[in-house]
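Per-entry structural report
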Amino acid sequence: MAEALKVPTMAEYMAEGKKPEVLFWVGCAGSFDDRAKKITKAFVKLLHEAGVDFAVLGTEESCTGDPAKRSGNEFLFQMQAATNIEVLNGYEIEKVVTACPHCFNTIKNEYPALGGNYEVMHHTQFLKSLLNEGKLKVEGGKFKGKRITFHDPCYLGRANGEYEAPRDLLRKLEVELVEMRKCKSNGLCCGAGGGQMFKEPEPGNKDVNIERTEQAMEVKPEVIAAGCPFCNTMMTDGVKGKNKEDSVEVMDVAELIANAHDL
Amino acid sequence: MQIIAQVLFLVALVAGIGFFIRNIRRLVRNIKLGKEVDRTDNKGERFAKMARIAFGQSKMVKKPVSGFLHVIVYVGFVIINIEVLEIIIDGLFGTHRILSFMGGFYDVLIASFEVLALLVLIGVIVFWIRRNLLNIYRFLSRELKGWPKNDANYILYFEMVLMVLFLVMNATDYQLQLNGAPHYASEAGITGAFPISQFLLPIFDGMSNATLIIIERAAWWLHILGILFFLNYLYYSKHLHILLAFPNVYFSKLRPQGEMNNLQSVTDEVKLMMDPDADPFAAPAEEEEGAEPEKFGASDVFDLNQVQLLNSYTCTECGRCTAECPANQTGKKLSPRKIMMDTRDRVEEVGEIINTKGKYEDNGKQLLDDFILREELWACTTCNACVEACPVGIDPLSIILDMRRYLVMEESAAPNELAIAMTNIENNGAPWPYNQQDRLNWAKEN
Ligand code: SF4
Ligand code: SF4
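What you see is a predicted model, and the numbers here were worked out from it, not measured in a lab.

1. Topic: the domain arrangement of chain A
Residue and element names in this part refer to chain A. When cut into domains, chain A gives domain 1 (10–132) and domain 2 (147–260). Here the C-alpha centre of domain 2 lies 22 Å away from the C-alpha centre of domain 1. Counting residues at the interface gives 27 residues for domain 1, matched by 29 residues for domain 2. Buried area between domain 1 and domain 2, both sides added, is near 2,300 Å², and the carbon and sulfur share of it is 70%. For domain 1, the biggest contributors to the area lost against domain 2 are Arg35, His102 and Thr124; these three give 22% of the whole.

Set out below in C-alpha cells:
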C-alpha cells in the first residue's frame, strides 16, 4: 500500500516561521474531481522527486472565480479574487504554480490589477524549468516510442501563447509526438471553457468534445496528452463516447512523466 | 467642349468626395455612441502590430489560397489607384497623361499597372468562383443570406468592370497614339507601355479615330466615376475594412488573449464591501443625486465601447472566426461573425434614427434579443479561436462577454445549471457542492 503523500500547507510553514519557494495552487478540479486529483498527486510526486520546497493553501484556497467571470458574473469573480488575494498576500506569496490553465490565466492576468502580483507558472512550464535546472530528469521509460498527441488547452495556448513547454516535456519522454490537424494557435477547444463545463450545451448537432476527440483519433494516438483537468475530463468522455477507452488513454503531461518514472 | 468636360469632372469629384466626407462623419459619430476606452498606450507596439497585420496582411496568409489572392487584389488595387492621381489631374486640366514627363519610369509604372490589373481580374474571378460555386463552409452560413452575399458579389463584379475599363482605356489610348490622333499623340513618341492592353488592339481594328475617342473617353469617365462610386459604397458595405482595418488593428487589445477586463465599477463596490471600516449605510449617499447607477454589461450598442463598435464596422464578413468556432462547428446557433454583423446593423439602425430625428429615440429595440439571441451568447466556450482567426484584429468574444455580464448581473438570467455552479462558488468556494473544509482531502486519499 502506498503511503499517504506529504503535502505541506502554508499554515504549517507559517507556524514554523518558514516560507516555501513556490505555492502549488491546486484549483477546484484538482482538489475535488476524482480524475483531476490523480493529476494533482502525480504533480506532487514530481515536486518531491525534484526536491522542490512547496506548499499548498489547502482549506484556505478558494475558486479563482474563472468560471464566474466567464459566465458574466464579474461581481462573484471579483469577490473571489479579493478573498484569494488577501490570503496570498497575507502569506507573502511570490511564486505560484498550478496544473490548471484557467487558474493560471486568471491569477497571472486578471489578479494583478486587483492587487495580486505573483510570478505564475503552468505546471508544464515549471516542470520544464526543473528539467533545465537539472533538478528533474525526464526520460523515455514506458512511453518511449508511443504515439502521443497533445491537445492544447485554450487558456494555456491561445490565451497565453504557451505551446512548447508541454511538447518539450513530451519530446523528452522520447514519445512519437503527432500533431492534430488543428493544433497550437488553431487548436480546437475541448468544449469546457466559459462555464460550459457546468451546464448542458445549447442545441446543436454534436458535442464539442466529440468533435475534438474525432480530430485526435484521426492521428491514431495511443495516448492523448492534456494539460488541463477540464480538457482531460472532456477528452476522456469523448474517448468513452467513441468506445475507445481500451486503446486510447487520456493523460496529463505530469502523469505521463510520473508514470514513466514509476512514481 | 473641353471646358464643359472639365467642369463636369470637377462637379463629380467634389460631389463624390463631399458625400464620402459626410459618410465618414456619420461613421465617427456612430462609433462615438460607444463608451470611451483608453488605447493610447504602447504606441510603438501598436504601430508595429498595425504594420504587420493590417499592412503586412500576416493573418490573411494563414489561409494560403485566399490569403495569396487577397494580397494580389489588395496590392493591385492600392497601386492602380496611383493612376487615379493622374486621372484626376488630367480631368481637371484637360491634359493627356500629365505624368508622362517621367519618361522611362512612367512606362514602367503604366506597364506594371496593367500587369496588376490583369492579376486583380484573375484574382477577383477566382474569388467569385470560391464564393459562389465551391461549397466553402464559411460562405454558407445563415447570416450571409441576402444583402451580405450580394454585397460581396457586387464588389467582385465592380472590380472586374473597373479593371476591364482600365485596360480598354489604355488600349484605345494606345491605338489613338499609334494613329497619331491630335491630343493623344506626342512628339516624343508613344507615352506609356501597354504589355497587356496591346492584346486588345485587334478589337479596335479599323475603327475611326472619332469612335476610338468615344470609347476611350467613355472608359475613362466610367473608370473615374466608378472609383468615386466605390468610395461612397464603402460605408454601406463590408468593404469598409479597406480603410478601417488600419485603425482597428492599431486599437486592438495588446494584452494576452486570455485576459478579460476587470470592471472598475465592480471593483469599487467589492472594495467597499470588503472594507471593515466602511459604513454600510453610507454607500448610497456617495452616489450623486439622481445619477443612474452604472449598468453592468451590455444590452445595447451604447453599453459597448468604441473599439467594439469600430470592430463591427471593420468586420470583413469573411467568416474565418465562425469557421474556427467550436460552437458553430457543432451546429450551435452561435457565429462570431454574426455577433459582429448584428452589432453593426444595430448601430447603423441607431445612426439612421439620429440622421432623421436629430437624436436617438427609443425604437423599442436593442442589441440583445432583437439581434443577438441568448442562445448564441450561452454557447460560447470563450476559447478565443475567433479572436485568433480574425485577419483584422476583431474581438467578438469581448462583446459576448459583456452581454453575458448584462444577463447575469442585471437580469440574473444565467442558465439554471450555471446559476447553481455560481451559488456553489459563492458558498463553498468551488463550482461543485463540496465543502471548502474538504479541499485537502485528496492528500490523504490513496
Ligand atoms: S470564443 Fe466563443 S465565439 Fe469565439 S470561437 Fe470560441 S466559442 Fe466561438
Ligand atoms: S470578425 Fe474578423 S474573422 Fe470574423 S468575419 Fe469579421 S473580419 Fe472575418
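2. Structural notes on the UniProt feature "transmembrane region" (unreviewed entry) in chain B
All names here are of chain B. Annotation from UniProt places "transmembrane region" (unreviewed entry) at residues 6–24, 68–89, 109–130, 151–169 and 218–236. Between the end C-alpha atoms of residues 109–130 there is a gap of 31 Å, over a span that is 100% helix and 0% strand. For residues 151–169, helix accounts for 100% and strand for 0%, while the C-alpha atoms at its two ends are 27 Å apart.

3. Quick look at a nonpolar patch on the surface
Residues and elements named next belong to chain B. Residues Ile3, Ile4, Val7, Leu8 and Val11 make up a contiguous nonpolar surface patch of roughly 480 Å² in combined accessible area. Of note, Val7 is situated in helix α1 (residues 2–31). Judged by relative accessible area, Val7 falls into the partly exposed class, the value being 46%.

4. Examining the pairing of strand β8 (residues 249–252) of chain A
All names here are of chain A. Alignment of strand β7 (residues 223–226) against β8, held across four bridges, turns out to be parallel. Across the sheet, residue Val223 finds its bridge partner in β8, namely Glu249. For the crossover that starts at β7, traverses helix α10 (residues 229–241) and ends in the parallel β8, the hand is right-handed.

5. What about the sheet that holds strand β1 (residues 22–25) of chain A?
All names here are of chain A. The four strands lie next to each other as β2-β1-β3-β4, forming an open sheet whose pairing is parallel. Edge positions in the sheet fall to β2 (54–55) and β4 (119–122), since each of these pairs with one other strand and no more. As paired elements, β1 and strand β3 (residues 95–98) share three bridges and run parallel to each other. Each residue of the ladder has a partner; that of Phe24, found in β3, is Val97. Taken strand by strand, helix α6 (residues 101–110) contacts β1, β3 and β4, and its axis lies near 160° from that of β4.

6. Here's the deal with the domain arrangement of chain B
Residues and elements named next belong to chain B. As far as domains go, chain B holds domain 1 (2–31 + 63–250) and domain 2 (264–272 + 291–436). With centres defined by C-alpha atoms, the gap from domain 1 to domain 2 works out at 39 Å. In this assembly, 28 residues from domain 1 lie in contact with 31 residues from domain 2. Taken as a group, Ile31, Glu143 and Asn248 account for 26% of the area that domain 1 buries against domain 2, more than any other trio of residues on that side.

7. Digging into the site of ligand 1
Residues in contact with ligand 1, as listed here, are Cys325(B), Pro326(B), Leu334(B), Pro336(B), Cys380(B), Thr381(B), Thr382(B), Cys383(B), Asn384(B), Ala385(B), Cys386(B) and Ile400(B). Residue composition of the shell around ligand 1, by class: nine nonpolar, three polar and no charged.

8. Quick word on the interface of chain A and chain B
How big an interface is tends to be stated in terms of accessible area lost as the parts join. Every contact between the two is made by 77 residues of chain A and, on the other side, 58 residues of chain B. Between chain A and chain B lies a buried interface of about 5,700 Å² when both sides are counted; carbon and sulfur atoms form 62% of it. Interface area lost by chain A to chain B is led by Phe32(A), Phe75(A) and Phe198(A), which between them contribute 13%. One can count four salt bridges joining chain A with chain B. Its salt-bridge partner being Arg405(B), residue Glu74(A) comes within 3.1 Å of it at the nearest N-O pair. Connecting chain A to chain B are 35 residue pairs in polar contact (both at pLDDT 80 or more). The leading source of residues in the side of chain A that touches chain B is helix α5 (residues 74–90) of chain A, at 10 residues. Considering only residue class, the side of chain A that touches chain B consists of 31 nonpolar, 27 polar and 19 charged.

9. A short note on unusual backbone geometry
All names here are of chain B. The backbone phi angle of Glu317 is positive, close to 60°, even though this residue is not glycine. Although it is not a glycine, Thr382 adopts a positive phi angle of roughly 55°. For Thr382, a relative accessible area of 2% gives the class buried.

About the thresholds
- Residues numbered from 1 in each chain as written.
- Chains lettered and ligands numbered in written order.
- Predicted model: local features only at pLDDT ≥ 70, side-chain atom pairs only at ≥ 80, totals over all residues.
- Heavy atoms only, no water.
- Domains from an automatic or database assignment.
- Contact = heavy atoms within 4.5 Å.
- Buried area = accessible area lost by both parts, 1.4 Å probe.
- UniProt positions renumbered as here; feature names shortened; annotations may be inferred.
- Helix = DSSP H or I, 4+ residues; strand = E, 2+ residues; numbered from the N terminus.
- Patch = residues over 30% accessible without salt bridge, like charges linked within 9 Å, V, L, I, M, F, W, Y side chains within 5 Å.
- Areas by Shrake-Rupley, 256 points an atom, 1.4 Å probe, with all protein chains shown as cover.
- Salt bridge = Lys/Arg side-chain N within 4 Å of Asp/Glu carboxyl O.
- Buried < 20%, exposed > 50% of the residue type's maximum accessible area, 1.4 Å probe, protein only.
- Pairing = 2+ DSSP bridges.
- Right-handed = clockwise from strand over helix to strand, strands pointing away.
- Axes fitted to C-alpha atoms, helices over the stretch in contact; angles between N-to-C directions.
- Near = heavy atom within 4 Å.
- Nonpolar A, V, L, I, M, F, W, Y, C, P; charged D, E, K, R; others polar.
- Polar contact = N/O pair within 3.5 Å; in protein donor to acceptor, adjacent residues only side chain to side chain.

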